[in-house]
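# Tertiary structure, described
Take a look at the letters that make up each chain.
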Amino acid sequence: MRASDVSPWFLWGVYLFGFALILTAAIDLTTTVWPMRPDQAAWRYGFLGLAAGYMQTPTLGLILIVVAAHLDERPRIVASVGMVCLATCVILVGCMGVFALDVLQVRAMRAGEAQGGMLTGAVFQELKYAVSAGVFGLLGLGARRSAKTLARRMEGQR
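Since the structure is predicted, the reported quantities are computational estimates derived from the model, not experimental observations. (Residues numbered from 1 in each chain as written. Predicted model: local features only at pLDDT ≥ 70, side-chain atom pairs only at ≥ 80, totals over all residues. Heavy atoms only, no water.)

## Comments concerning the overall build of the protein chain
When its secondary structure is counted, the protein chain shows five helices and zero strands. Secondary structure elements of the protein chain occur, N-terminal to C-terminal, as α-α-α-α-α. In summary, the protein chain has a C-alpha radius of gyration of 19 Å against a globular reference of 15 Å for 158 residues, an excess of more than 25%. Its C-alpha atoms give the protein chain principal-axis dimensions of about 70 × 25 × 25 Å. Relative to its 158 residues, the protein chain shows a buried fraction of 32%. (Helix = DSSP H or I, 4+ residues; strand = E, 2+ residues; numbered from the N terminus. Rg over C-alpha atoms; globule rule 2.2 N^0.38 Å. Buried < 20%, exposed > 50% of the residue type's maximum accessible area, 1.4 Å probe, protein only.)

## As for the pattern of salt bridges
What the rule picks out here adds up to three salt bridges. In this structure, Arg44 engages Asp102 in a salt bridge whose closest nitrogen and oxygen atoms are separated by 2.9 Å. One end of the pair, Arg44, is in helix 2 (residues 41-53); the other, Asp102, is in helix 4 (residues 75-107), and 58 residues separate them in sequence. Arg153 is the partner of Glu73 in a salt bridge, and the nearest nitrogen-oxygen pair spans 3.5 Å. Of this pair, Glu73 sits in the loop between helix 3 (56-71) and helix 4 while Arg153 sits in helix 5 (residues 112-157), and the two are 80 residues apart along the sequence. (Salt bridge = Lys/Arg side-chain N within 4 Å of Asp/Glu carboxyl O.)

## A few points about the environment of Ala41
Mapped onto the elements, Ala41 comes out in helix 2. According to the relative accessible area criterion, Ala41 is buried, its value standing at 9%. Here Ala41 is in contact with Asp102, Gln105 and Val106, once residues within four sequence places are set aside. (Contact = heavy atoms within 4.5 Å.)

## Description of the nonpolar core
Across soluble globular proteins, you tend to see nonpolar side chains buried next to one another. In this structure, Val78, Val81, Leu92, Tyr129 and Phe136 are the most contacted members of the largest nonpolar core, which totals 31 residues. Among the secondary structure elements, those contributing two or more residues to this core are helix 1 (8-33), helix 2, helix 3, helix 4 and helix 5. Apart from the residues lying within four places of it in its own chain, the contact partners of Tyr129 are Leu48, Ala51, Ala52, Leu92, Cys95 and Met96. (Core = buried A, V, L, I, M, F, W, Y, C linked by side-chain atoms within 4.5 Å.)

## Digging into the confidence of the model for the protein chain
Scored by pLDDT, the protein chain has a mean of 93; 97% of the residues are at 70 or more. Across the protein chain, the element-wise mean pLDDT spans from 92 in helix 5 up to 97 in helix 1. (pLDDT = per-residue confidence, 0-100.)

## Topic: the environment of Pro8
In this fold, Pro8 is placed in helix 1. Taking the relative accessible area as the measure of exposure, Pro8 reaches 52% and is therefore exposed. Along the chain, Pro8 and Leu71 lie 63 residues apart, while their C-alpha atoms are 9.8 Å from each other.

Structure (structure tokens):
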């Protein structure tokens with residue numbers, strides 16, 4: 001398929017849908033944890049625990065934006081989304097550390113019988129973060145490389 005085969009209306013629809021997926025996930029998470037209390041370990045534990053489950057929707061949005069930008073022959077957009085993905089990967093690794101510390105702190109405040117279940121849930125959330133960080137890292141590296149390839153190909157067409 002050539003880029004000229006794809007309608008600009010279709011591409012702009014994909015861009016818009018990609019941004020909508022990212023924004024709605026961010027809005028949903030924010031309204032769920034409002035009011036913000038990042039100074040409280042219990043709030044951070046809840047926020048980071050919920051955030052791990054919200055990763056798939058914005059990831060799909062970013063993938064759609066990269067695919068549309070590639071079809072639209074816009075290597076700068078592809079490269080920019082790649083940088084966002086790499087930055088997100090780094091942030092998620094940091095979140096894993098903060099979440100682990102918050103789990104230990106909040107777990108100590110729970111009754112003995114609740115501690116085991118809390119630890120099991122935390123392991124699953126950490127696994128979600130690890131997988132998401134890996135996905136964002138791969139997407140970021142791939143988008144950066146694709147942007148360079150696309151730019152070279154477009155340069156050769158001139």
